[in-house]
2 protein chains.
Amino acid sequence: MSVVQMVKIVGLGAVALTLSVEWLDWLFCRLWPRKISRGPLKEVFFFPTEVACTERLFTPDSPFPCPCPLPHNVNTSFTRLLSHILSASSSLDLCVFAFTNLDLSRAVLALHTRGIPIRILTDMDYTLITGSQIGAIRRAGICVRCDSGAVHMHHKFAVVDSRRLITGSLNWTLTAIQSNKENILVTEEPDLVLPFITEFKRLWDVNDPARRHLPSIAEKTASLVL
Amino acid sequence: MSVVQMVKIVGLGAVALTLSVEWLDWLFCRLWPRKISRGPLKEVFFFPTEVACTERLFTPDSPFPCPCPLPHNVNTSFTRLLSHILSASSSLDLCVFAFTNLDLSRAVLALHTRGIPIRILTDMDYTLITGSQIGAIRRAGICVRCDSGAVHMHHKFAVVDSRRLITGSLNWTLTAIQSNKENILVTEEPDLVLPFITEFKRLWDVNDPARRHLPSIAEKTASLVL
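Residues numbered from 1 in each chain as written. Chains lettered and ligands numbered in written order. Predicted model: local features only at pLDDT ≥ 70, side-chain atom pairs only at ≥ 80, totals over all residues. Heavy atoms only, no water.

Turning to the layout of surface pockets, a few remarks are in order. Quantified by volume, the largest pocket comes out at close to 560 Å³. Lining the largest pocket are 29 residues, and of these A:Phe97, A:Tyr126, A:His154, B:Phe97 and B:His154 lie nearest its centre. Put simply, the parts of the chain that give the lining of the largest pocket at least two residues each are α6 (174-178) of chain A together with α6 (174-178) of chain B. By residue number, the principal contributor to the lining of the largest pocket is α6(B), which donates three residues. (1 Å grid on protein atoms, 1.4 Å probe; cavity = no way out; pocket = protein on both sides within 12 Å on 5 of 7 lines; lining within 4 Å. Points joined across faces, edges and corners; volume = space filled by probe spheres on them. Helix = DSSP H or I, 4+ residues; strand = E, 2+ residues; numbered from the N terminus.)

Under the counting rule described, the total for this entry stands at 10 aromatic pairs over all chains. A centroid spacing of 5.2 Å and a plane angle of 75° characterise the contact between B:Phe99 and B:Trp172, whose relative ring orientation is edge-to-face. Pair noted here: B:Phe99 is in the loop between β2 (92-96) and α4 (102-113) and B:Trp172 is in the loop between β6 (164-168) and α6, with a separation of 73 residues, a long-range link. By relative accessible area, which is 2% here, B:Trp172 ends up buried. Connected via pairs of aromatic rings, a cluster forms that spans A:Phe46, B:Phe157 and B:Phe196. (Phe/Tyr/Trp six-rings, centres within 6.5 Å; stacked < 30°, edge-to-face > 60°. Buried < 20%, exposed > 50% of the residue type's maximum accessible area, 1.4 Å probe, protein only.)

Before going further, it helps to spend a moment on the sheet that holds β6(B). Pairing in this open sheet of seven strands is mixed, and the strands run β1-β7-β6-β5-β2-β3-β4 (chain B) from one edge to the other. Whereas interior strands pair on both sides, the edge strands pair on one side only; in this sheet they are β1 (42-47) and β4 (143-147) of chain B. Across the sheet, the mean angle from the axis of one strand to that of its neighbour is 10°, orientation sign disregarded. Across four bridges, the pairing between strand β5 (residues 156-160) of chain B and β6(B) is antiparallel. Bridge pairing in β6(B) places B:Phe157 opposite B:Thr167. Sheet contacts for helix α7 (residues 190-206) of chain A: β1 and β7 (182-187) of chain B; angle to β1(B), the most-contacted strand, approximately 20°. Against the sheet, helix α7 (residues 190-206) of chain B contacts β2, β3 (118-123), β4, β5, β6 and β7 of chain B, and its axis sits at roughly 75° relative to β3(B). (Pairing = 2+ DSSP bridges. Axes fitted to C-alpha atoms, helices over the stretch in contact; angles between N-to-C directions. Contact = heavy atoms within 4.5 Å.)

Time to look at the pattern of salt bridges. Residue and element names in this part refer to chain B. Applying the stated criterion across every chain, the model contains 20 salt bridges over all chains. Here Asp208 ties to Arg145 by a salt bridge, and the two come within 3.8 Å at their closest N and O atoms. Of the two residues, Asp208 sits in the loop between α7 and α8 (209-213) while Arg145 sits in strand β4, which places them 63 residues apart along the sequence. Across the pair Arg163 and Glu188 runs a salt bridge, and its minimum N-O distance is 3.5 Å. (Salt bridge = Lys/Arg side-chain N within 4 Å of Asp/Glu carboxyl O.)

Taken across its 10 residues, helix α3 (residues 77-86) of chain A has eight buried, putting it largely inside the fold. If you check which residues of α3(A) are buried, you get A:Ser77, A:Phe78, A:Thr79, A:Leu81, A:Leu82, A:His84, A:Ile85 and A:Leu86.

None of the figures reported here should be taken as evidence of function without further support.
Right under this line is the structure:
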């Protein structure tokens, strides 16, 4: 077989393969329009969630089964949320109105122990509520900034590894998780994640305590004149 | 030129075209990774928003300019949110914790006047707050169901025409829109929209007042026995 013939056969084969793949893709989409997940990660969870043991998420290598009376090895909205937080390998940026949940606090502290950079932005008034975890998190050495404006910093979102967005109606409290009707949306769709990264950076800079207390040039000039 | 030669040329041409399109696609993605929007609608808005006149959204065909002192023809997070609500052409399903905003109430009433089916699910306790629009909406004849559980129905999402999801931290209140730090995410991504449609249907059915007060077969049997 000559080289020219081989090139022609390979060319026609490539066309046939391309057309077959396109046709199969079209066929699958028609047959199972919703079952095939496409593109970046997209998940939705609803709450309240069934109460289940979360120990295996924190100590996956432990040879001993957890002795607690809660159901084990159960996948719930909350275990999925915890898994997404614990999956962080390079950073966690959290912007949350109320933070009292012990498991989520443990997850944040576990990431800190692993050396993962964490930034937490929260509402100043809500750091004072009963059970707030912000004090414990600060004492562990995690960088926390508070929005002390007269209105609420009402966001409830997190960005994991600068690419996975977790957002919704859910505050990081026990009531929200176990009682309220709430939702959480998790996505790696860049068009959705990037605006949240930009907004986090903006709010983080705005709430820099050093910047807030630095007198402006105008203030300095005024004080010199006076 | 023989038929065989023509088939070969067409085949090779198809391969070249496919590879060129793939290569150009890759090149565009590398050069403008974020500028090219792909797939279904995806938008994110942050609040608080600049205050602007919304009259043109309600009366787009009016020949008279609005005389109010607010800025006109300004695109803000709130005008974008209102536009999405007012774009409904076949249905609006709204699941919201607190609803006091007059412009959003006007948008819902305008859709109702146009004959668009609307279902609103809200938290019973929060229908009693100052400025709640639920009474006015009910009096207009719109179907409203209330979650009267001991805990919060804390969702803040809407589904427009069973295909566009609006969700986030934002309650439909003036404080949320003009003062708080909040977010709204709008998408037509089926993997994200469909779970919300299913959850709305579930909550709508659970909170059917007729169903809630109907005695179960067990209750009926017990009352007969007693």
